[in-house]
Amino acid sequence: MNNEGTQAMRRMTVPQLTELADEVRWQVLDAVSVTGGHLGAGLGVVELTVALHAVYDTPRDEICWDVAHQCQPHKVLTGRRDRIYTLRQGGGLSGFAKRKESEYDAFGAGHSTTSISAAVGFQEARVRLGKKGHSVAVIGDGAITGGMAWEAMNHAGGIGSKVVVILNDNGQVSLPTFYNKVTTPVGALSGTLGNASSRGLGIQDSIAKVETSEGFQRGREFLKTASKTLLPQNLQSAAAKLDEYTRDFVKTVPFTGSGSGGKGELFEQLGFYYVGPIDGNNVETLVAVLSNIKKQHEDGSLQKPVFLHIKTKKGNGYEPAQRASDKLHAVKPKFNLPKDGSTASGPPPPPPLTKVMADALVKEAEADDKIVAITAAMPGGTGIGIFEKRFGPERTFDVGIAEQHAVTFAAGLAAGGLKPFCAIYSTFLQRGYDQLVHDVALQKLPVRFLIDRAGLVGEDGPTHGGTFDLSFLSCIPDMLICASADEVELVNMVHTIAKIDDHPTALRFPRGNAFGDLEMPSEPRFLEPGKGRISREGRDGTVAILSVGGRLRECLKAAEQLESYGISATVADARWVKPLDEKMVSWLAKDHKALITVEENSIGGFGSMVQNSLLEGGHLDGVGRTPLIFRSMFFPDRWIEHNQPELQYDDAALNACHIVAKCLDALERAGVKVDKSVARAIREA
């Protein structure tokens, strides 16, 4: 296959499909070794992806991939093989499913636990519009820990939707949650799903083919009809339950290692027809069972949603992934190439800001045993794994992919007298917003939010960008919000929010490494809330640049460029978005002709807070003085696509050259004479 799409697959035999799966696996491996990105999950679903496209009439039949970090095989098979080496590159393929990229990407993703709701929506739309077809959701054992999955299944079972939900159970709870002293997947659900031996899966494969067959379904329907005719009404429900219990008994009791247990009953009670667990890396089994399910839905012998439980191996078919503790969940470009020993090794790079934060949190927790840490299935990404390594699971809580629960759980811990630090990426905190407002802020509980990945995040693109948090946090009463400009500020801010016990607090910091050229404090210092700092004081009161967060160095670079043009700029670091340093804002407004704010956030955040302060302080009225020229720099009102971070900030016009251009425009409005050739050169740069 090249780029003709999936139609040719429906004419292939099972041996041909199995061979195709092997080819796809190596294509994915080779591509991701060049581009970097998610790998283990994609390798684990190659056979499933081949079987789905061979059985279902894609793109008419929708496949909704949960998170979609596993969709590289899907992209190879759906007309994008010639572009697969552009994954996560600027102008190339997204690392996730994306509707505008291909008609085969039925529903965009990047965040977790959305697939079942989307698939139920597709199926219900099909029914209402009188269209034929099928909708399938593929969700992992990590994503299904999120509450939205259960809301969707409750609804699907209630309306009798003919949606198919495939649980891709790789025993890793989707993310690499085996770390330090944590030796089992997070949460009770992983135990309920259970494990199965290879012998047990072989047995289950055979049973699944039978229980999804036409004859079996007709037999079930005959017995149901007979029970309704022959049995009194009070015994009819018991007879219906007998069907579920018998299938569960047959699949479980006689066969040690079958991996079934009572899990089927959990989903049957939600109105689903449970099938499995089966071998999700066996093309023949998958094609047979999916074909049966599709046929039973089409001919009406199965009038309910189906829950197909498959067991897969994360990193399947690639031995280094199988050996790795995280199954090579995500890798860097050229990860599988041998290191060149001839290259002289330089000094190690500065540590990631995530590690700087985590080390600072460990230091605070060593001095205060009430400090505990929470992560939503991201111990590595958030740095909480470092905290757990020092303090163990007794003071570390991984709640699974359940941000709503994480936030309210933190609120309960705070109300109970502990000092919870809730570490959630900016983009994922959006998923717990109501809990943040209703359960934390409204009760003024001192939960500390550590908001990593603030701003643009590079190759993961807009699904993972932290572009809204200052806007949705700054409007909440009693919320204190700080943003670190560098690693020293980050350490001090961790210390500061650890000491604040009468307000909820949020500390945001960007993705990336520390600068590495600053002397780290031997002891952190408390930063007074609502108190900023002057980083560079201009000489003539011409223009002031007020930054918050990670753009401070770009602002200082801009000031240096302006200095070369004869313009002396003041640069200030607000530190706090809320409470705002209104005294400093007032001084900047009074002593300068123009004021520019710079932030890594969308409209409605820091710049809006400063503007309101200026308006209330009369600095923009023009009464008794020339009105201040005020401008705000923030993310444009569009999505910034995946690319290298520096190129993303170029796209967003938030690098030093853009700040210089904004200052020159503002100064021209203020009547300051600027060399036109200089202004023109800056704008054209």
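Coordinates for the structure precede this section.
Residues numbered from 1 in each chain as written. Predicted model: local features only at pLDDT ≥ 70, side-chain atom pairs only at ≥ 80, totals over all residues. Heavy atoms only, no water.

1. Side note on helix 17 (residues 403-415)
Inclusion rule: Helix numbers and strand numbers start at the N terminus; a helix is a DSSP run of H or I with at least 4 residues, a strand a run of E with at least 2. Multiplying one less than the number of residues by 1.5 Å gives the expected span of a helix. To sort residues, take the accessible area from a 1.4 Å probe on protein chains only and compare it with the maximum for the residue type: under 20% means buried, over 50% means exposed, and anything in between is partly exposed. Taking the helix axis as origin, the arc is that swept by the directions to the C-beta atoms. Note on contacts: a residue pair is in contact if any heavy atoms of the two residues lie within 4.5 Å.
An ideal rise of 1.5 Å per residue puts 18 Å on 13 residues; helix 17 measures up with 18 Å between its terminal C-alpha atoms. Buried within helix 17 we find Glu403, Ala406, Val407, Ala410, Ala411, Leu413 and Ala414. Relative to the axis of helix 17, the buried residues are bounded by an arc of 165° and lie together on one face. Along its buried surface, helix 17 packs onto strand 8 (371-375), strand 9 (396-398), strand 10 (419-423), helix 18 (426-429), helix 19 (433-441) and strand 11 (448-451). Count one or two residues on from helix 17 and you reach Gly417, which has phi positive near 110°.

2. Observations regarding the side chain of Thr505
Examined against the element boundaries, Thr505 turns out to sit in strand 13 (residues 505-508). In contact with Thr505, not counting residues within four places along its chain, are Val447, Arg448, Phe449, Met479, Leu480, Ile497 and Ile500.

3. What about the pattern of salt bridges?
Pairing of side chains with opposite charge becomes possible as their charged atoms draw close. For clarity, the threshold we go by: Salt bridge, as applied in this entry: a Lys or Arg side-chain nitrogen positioned within 4 Å of an Asp or Glu carboxyl oxygen.
Enumeration according to the criterion identifies 36 salt bridges in this entry. Ionic pairing is found between Glu47 and Arg25, a salt bridge with its closest N-O pair at 2.8 Å. Within this pair, whereas Glu47 is found in helix 3 (residues 46-55), its partner Arg25 is found in helix 1 (residues 14-35), the two being separated by 22 residues in sequence. We note that Glu47, like Arg25, is buried. Between Arg575 and Glu489 there is a salt bridge; the shortest N-O distance is 2.7 Å.

4. Looking at helix 3
Most of helix 3 sits inside the fold, with 10 of its 10 residues counted as buried. Along helix 3, the positions that sit buried rather than exposed are Val46, Glu47, Leu48, Thr49, Val50, Ala51, Leu52, His53, Ala54 and Val55.

5. Quick word on the side chain of Lys419
To be explicit about the condition: In protein, a polar contact means a hydrogen-donor-capable atom and an acceptor-capable atom, both N or O and within 3.5 Å, with residues adjacent in sequence counting only if both atoms are side-chain atoms; elsewhere, any N or O pair within 3.5 Å suffices.
Following the sequence through the fold, Lys419 ends up in strand 10. Classification of Lys419 as buried rests on a relative accessible area of 16%. A polar side-chain atom of Lys419 sits 2.8 Å from a polar atom in the side chain of Asp368. Excluding its chain neighbours within four sequence positions, the residues that come into contact with Lys419 are Asp368, Lys370, Ile371, Val372, Arg448, Ala498 and Asp501.

6. Some remarks on the environment of Leu507
Topologically, Leu507 is positioned in strand 13. Here Leu507 falls in the buried class, since its relative accessible area comes to 0%.

7. Some details on the sheet that holds strand 16 (residues 569-573)
Formally: When DSSP finds at least two bridges between two strands, those strands are taken to pair. Helix axes are fitted only over the stretch in contact, all axes being lines through C-alpha atoms; the angle between N-to-C directions runs from 0 to 180 degrees.
One open sheet holds the 5 strands; their spatial order is 14-16-15-18-19, and the pairing between them is mixed. Each having just a single partner strand, strand 14 (533-536) and strand 19 (629-633) make up the two edges of the open sheet. The mean angle between the axes of side-by-side strands here comes to 25°, regardless of whether they run parallel or antiparallel. In terms of strand pairing, strand 14 meets strand 16 through 3 bridges, oriented antiparallel.

8. Points about unusual backbone geometry
A cis amide bond links Thr58 to the next residue, Pro59, at an omega of 10°. Assignment of secondary structure puts Pro59 in the loop between helix 3 and strand 2 (62-65). Here Gly276 and Pro277 are connected by a cis peptide whose omega angle stands at 0°. Turning to its location among the elements, Pro277 is positioned in strand 5 (residues 273-279). Despite not being glycine, Thr113 has its phi angle at roughly 70°, a positive value. Inspection of the secondary structure puts Thr113 in the loop between helix 4 (72-77) and helix 5 (115-129).

9. A look at the pairing of strand 16
Put simply, the test is: Throughout, right-handed denotes a crossover for which the path from the first strand over the helix to the second runs clockwise when the strands point away from the viewer.
By the criterion of burial, strand 16 is predominantly enclosed, with 5 of the 5 residues buried. Neither face of strand 16 is left uncovered, since the one carrying Ala569, Val571 and Asp573 and the one carrying Thr570 and Ala572 both have all their residues buried. Sheet topology note: the strand 15 (residues 543-547)/strand 16 ladder contains 5 bridges and is parallel. Of the residues in strand 16, the one forming a bridge with Ala544 is Thr570. One crossover worth recording links strand 15 to the parallel strand 16 by way of helix 22 (residues 552-564), and it is right-handed.

10. Re the packing of helix 23 (residues 582-591) against helix 24 (residues 606-616)
Packed helices, taken two at a time, are described by the angle between their axes plus the distance between the axes. We count it as follows: Angular relationships are summarised with four words: roughly parallel below 35 degrees, roughly antiparallel beyond 145, roughly perpendicular across 65 to 115, and oblique for the angles in between. It is the rotation of the near helix from the far one that decides the hand of a crossing: anticlockwise by less than a right angle makes it left-handed, clockwise makes it right-handed.
At a minimum axis distance of 10 Å, the contact between helix 23 and helix 24 shows a crossing angle of 70°. Of the possible angle classes, the one that applies to helix 23 and helix 24 is roughly perpendicular. Once helix 23 is placed against helix 24, the crossing between them reads as right-handed. Residues Glu582, Val585 and Ala589 of helix 23 touch helix 24, and the partners they reach there are Val610, Ser613 and Leu614.

11. Description of the sheet that holds strand 4 (residues 164-169)
Strand order in the open sheet made by the 5 strands is 2-3-4-6-5, with parallel pairing throughout. On the outer flanks of this sheet lie strand 2 and strand 5, each paired with one strand and no other. Taking each pair of neighbouring strands and ignoring which way they run, the sheet shows an average axis angle of 20°. Alignment of strand 5 against strand 6 (residues 306-311), held across 5 bridges, turns out to be parallel. Following the sheet pairing, Tyr273 is matched in strand 6 by Val306. The sheet contacts of helix 12 (residues 283-299) involve strand 4, strand 5 and strand 6, and relative to strand 6 the element is tilted by about 175°.

The analysis is restricted to geometry; functional conclusions fall outside its scope.
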